[in-house]
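Here is what each chain is made of, one letter per residue.
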Amino acid sequence: MIGFLIALISGALMSIQGVFNTQVTKASSIWSASAFVQFTALLVCLGAWLCTDRSSLLNVWQVQPKYMLLGGAIGAFITYTVIKSMDALGPAKAVMLIVTAQLAVAYLIELFGLFGTEKQPWEWRKALGMGIAIAGIIIFKWK
């Protein structure tokens, strides 16, 4: 149950953050806004680390394979694409497409056991759920 609640909070925060970041971009530029977002995230993470964890920051270099360290770089492009999509489509349409894309890619990652995840079997109900999500986008966009 706690995982469900945390996921809901995450989704809400991502939507709010996207709107905030889009507004910051209007006052500056997309890359300066993205840099500011990533920098403030760094400060918050370092503060939380100081207050709670205090394990070695260098332990991240032990991860294998090393390409897993690209998460931060991917995060910069996530910030960029969220800002651009919210600016072009508005928050509701952008988030609907973003979440549907996340769901589809996450299912493919599980289905093929990519990036060290446990391979999951094909399930028609999951494919049907994906189809319903896509139908929801069509209905939502329909004028």
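Residues numbered from 1 in each chain as written. Predicted model: local features only at pLDDT ≥ 70, side-chain atom pairs only at ≥ 80, totals over all residues. Heavy atoms only, no water.

A.B. asks: Would you take a moment to explain the pattern of salt bridges for this structure?
C.D. replies: For side chains of opposite charge, pairing can occur when their charged atoms come near one another. If you walk through the whole model with that rule in mind, you get 2 salt bridges. Between R125 and E123 there is a salt bridge whose closest N-O contact spans 3.0 Å. The partner of E123 in a salt bridge is K126, with the nearest N and O atoms 3.7 Å apart. Residues joined by salt bridges that share partners form a network here, namely E123, R125 and K126. (Salt bridge = Lys/Arg side-chain N within 4 Å of Asp/Glu carboxyl O.)

A.B. asks: Is there a simple way to explain a nonpolar patch on the surface in this structure?
C.D. replies: On the surface, M1, I2, F4, L5, I6, L8, I9, L13, I16, V19 and F20 cluster together into a nonpolar patch covering about 1200 Å² of accessible area. Inspection of the secondary structure puts I2 in helix α1 (residues 2-27). (Patch = residues over 30% accessible without salt bridge, like charges linked within 9 Å, V, L, I, M, F, W, Y side chains within 5 Å. Areas by Shrake-Rupley, 256 points an atom, 1.4 Å probe, with all protein chains shown as cover. Helix = DSSP H or I, 4+ residues; strand = E, 2+ residues; numbered from the N terminus.)

A.B. asks: Teacher, can you tell me more about the UniProt feature "transmembrane region" (unreviewed entry) in the chain here?
C.D. replies: When the UniProt feature table is mapped to this numbering, "transmembrane region" (unreviewed entry) covers residues 31-51, 63-83 and 95-115. Across residues 31-51, the secondary structure splits into 100% helix and 0% strand, with the terminal C-alpha atoms separated by 30 Å. (UniProt positions renumbered as here; feature names shortened; annotations may be inferred.)

A.B. asks: Mind showing me how you'd approach the packing of α1 against helix α2 (residues 30-53) here?
C.D. replies: Between two packed helices, the angle of one axis relative to the other and the distance separating the axes together describe the packing. Between α1 and α2, the shortest axis-to-axis distance is 8 Å and the interhelical angle comes to 135°. Classed by the angle they form, the pair α1 and α2 counts as oblique. For α1 against α2, the interelement crossing comes out right-handed. Of the residues in α2, those touching α1 at Q17, N21, V24 and T25 are I30, A33 and V37. Looking at side-chain class alone, the contact of α1 with α2 contains 4 nonpolar, 3 polar and no charged residues. (Axes fitted to C-alpha atoms, helices over the stretch in contact; angles between N-to-C directions. Parallel < 35°, antiparallel > 145°, perpendicular 65-115°, else oblique. Left-handed = near helix turned anticlockwise from the far one by under 90°. Contact = heavy atoms within 4.5 Å. Nonpolar A, V, L, I, M, F, W, Y, C, P; charged D, E, K, R; others polar.)

A.B. asks: Would you mind going over the state of the cysteines with me for this structure?
C.D. replies: In protein chemistry, a disulfide is the covalent bond that joins the sulfur atoms of two cysteines. Counted under the stated rule, the structure contains 0 disulfides. The closest cysteine sulfur to the non-disulfide-bonded C45 is located on C51, 12 Å from its own sulfur. Given a relative accessible area of 69%, C51 falls into the exposed group. (Disulfide = S-S within 2.5 Å. Buried < 20%, exposed > 50% of the residue type's maximum accessible area, 1.4 Å probe, protein only.)

A.B. asks: Explanation requested: the side chain of T79 in the structure shown.
C.D. replies: Tracing the backbone shows T79 in helix α3 (residues 71-89). The class for T79 is buried, based on a relative accessible area of 8%. Residues within four places of T79 in sequence aside, it is in contact with N21, S34, V37 and Q38.

A.B. asks: How should I be thinking about the layout of surface pockets in this particular structure?
C.D. replies: The space that makes up the largest pocket amounts to roughly 550 Å³. Along the walls of the largest pocket sit 23 residues, with M14, I78, V82, I98 and Q102 positioned nearest its centre. At the level of elements, α1, α2, α3 and α4 (91-112) are the ones that each hand at least two residues to the lining of the largest pocket. In terms of residue count, α1 provides more of the lining of the largest pocket than any other element does, 8 residues in total. When its residues are assigned to classes, the lining of the largest pocket shows 11 nonpolar, 12 polar and no charged. Space inside the second largest pocket adds up to approximately 340 Å³. Taken together, Q38, L42, C45, L46, W49, L57, V60, L69, G71, G72 and G75 make up the full set of residues lining the second largest pocket. Looking at the lining of the second largest pocket, the elements that each hand over two or more residues are α2 and α3. (1 Å grid on protein atoms, 1.4 Å probe; cavity = no way out; pocket = protein on both sides within 12 Å on 5 of 7 lines; lining within 4 Å. Points joined across faces, edges and corners; volume = space filled by probe spheres on them.)

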